Amino acid sequence: MSNKTNTNKDDDSSNYSSVIKNLENIKSEFMTLREYVGDSDDALLEKISSISEMVNRTEASSAEFHKKADSIIQELQKIRNSTNKAAITTSNEVIGLLKLSEYQSNIRMLAESKYGTLNDIEKMAGQTAEIVNLFDKLSIESEKKIALPHEVRQWAIGTIFDCADGWEIRFDDLFETLLSSLGKNLLKESIRMQQIRDIFGIKAVEKIKIELKLS
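Owing to the predicted nature of the structure, the values given are computational and were not obtained by experimental measurement.

(A) Here's a closer look at the overall build of the protein chain. The helix and strand inventory of the protein chain stands at 9 helices and 0 strands. Listing each helix as α and each strand as β along the protein chain from the N terminus yields α-α-α-α-α-α-α-α-α. Considering the protein chain as a whole, with its 215 residues, one finds that 45% of them fall into the buried category. Taking as baseline every contact in the protein chain between residues at least 6 positions apart, the subset at least 24 positions apart corresponds to 74%. Summed over all atoms, the accessible surface of the protein chain reaches about 11,400 Å², with 47% contributed by carbon and sulfur.

Laid out in structure tokens, this is it:
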């Protein structure tokens, strides 16, 4: 097993920065949305700003974050149901960014635990599958590709492997769980072989190559 204690603080800082960046993107997208629905939704922008401020507070709870996120999404759904095609597309982009920030926050909080089990890995994999499916759904609704960034997929898979390392999860159990929850295609696109080699060794690398049909 590898030792990651020297990089934990840097990883946490990177995750916080990623969430904040997504929230800033939400604000930008919301400004575009207001061009279609008018200036009557200042309260919604204030809620988005309050989430950004909350993420900056280390004492902010996951429940509080999710409550505020759900509130914003409900209001965006109302806007989407009462406005034109361009507003629907833009509101879907805002919802996608908001859900992405919520997802990253949730994964980060799980990853911060010093102790975890295969059930925690299953939760992380399940949430990753949900965010991928959400972006696919939003793309269909908007008739416009709203892609979940490859970097996010790679970050998620990498975080799960790092957690499995720290929690001493058996590779065979880990890999079976990821295959079941995420499928071969997503894993093939997102796994970093050097990370697998460093954590689990060459046998794990060879098993992945055979299972995913990688050269």
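(B) A look at helix 6 (residues 150-166). When the terminal C-alpha atoms of helix 6 are compared, their 24 Å separation across 17 residues agrees well with the 24 Å that a helix rising 1.5 Å per residue should span. Positive backbone phi, at 60°, marks E168, one or two positions downstream of helix 6.

(C) Quick look at the environment of M124. Structurally, M124 is set in helix 5 (residues 118-142). Using a relative accessible area of 0% as the deciding quantity, one classes M124 as buried. Taking C-alpha positions, M124 is 9.5 Å from L178, a pair spaced 54 residues apart along the chain. Each residue touching M124, except ones within four places of it in the same chain, is listed here: I107, L110, A111, T159, I160, C163 and W167.

(D) View of the pattern of salt bridges. In total, this model carries 7 salt bridges according to the counting rule given. The network of salt bridges with shared partners includes R170, D172, D173 and K207.

Rules of the game
- Residues numbered from 1 in each chain as written.
- Predicted model: local features only at pLDDT ≥ 70, side-chain atom pairs only at ≥ 80, totals over all residues.
- Heavy atoms only, no water.
- Helix = DSSP H or I, 4+ residues; strand = E, 2+ residues; numbered from the N terminus.
- Buried < 20%, exposed > 50% of the residue type's maximum accessible area, 1.4 Å probe, protein only.
- Contact = heavy atoms within 4.5 Å.
- Areas by Shrake-Rupley, 256 points an atom, 1.4 Å probe, with all protein chains shown as cover.
- Expected span 1.5 Å × (residues − 1).
- Salt bridge = Lys/Arg side-chain N within 4 Å of Asp/Glu carboxyl O.

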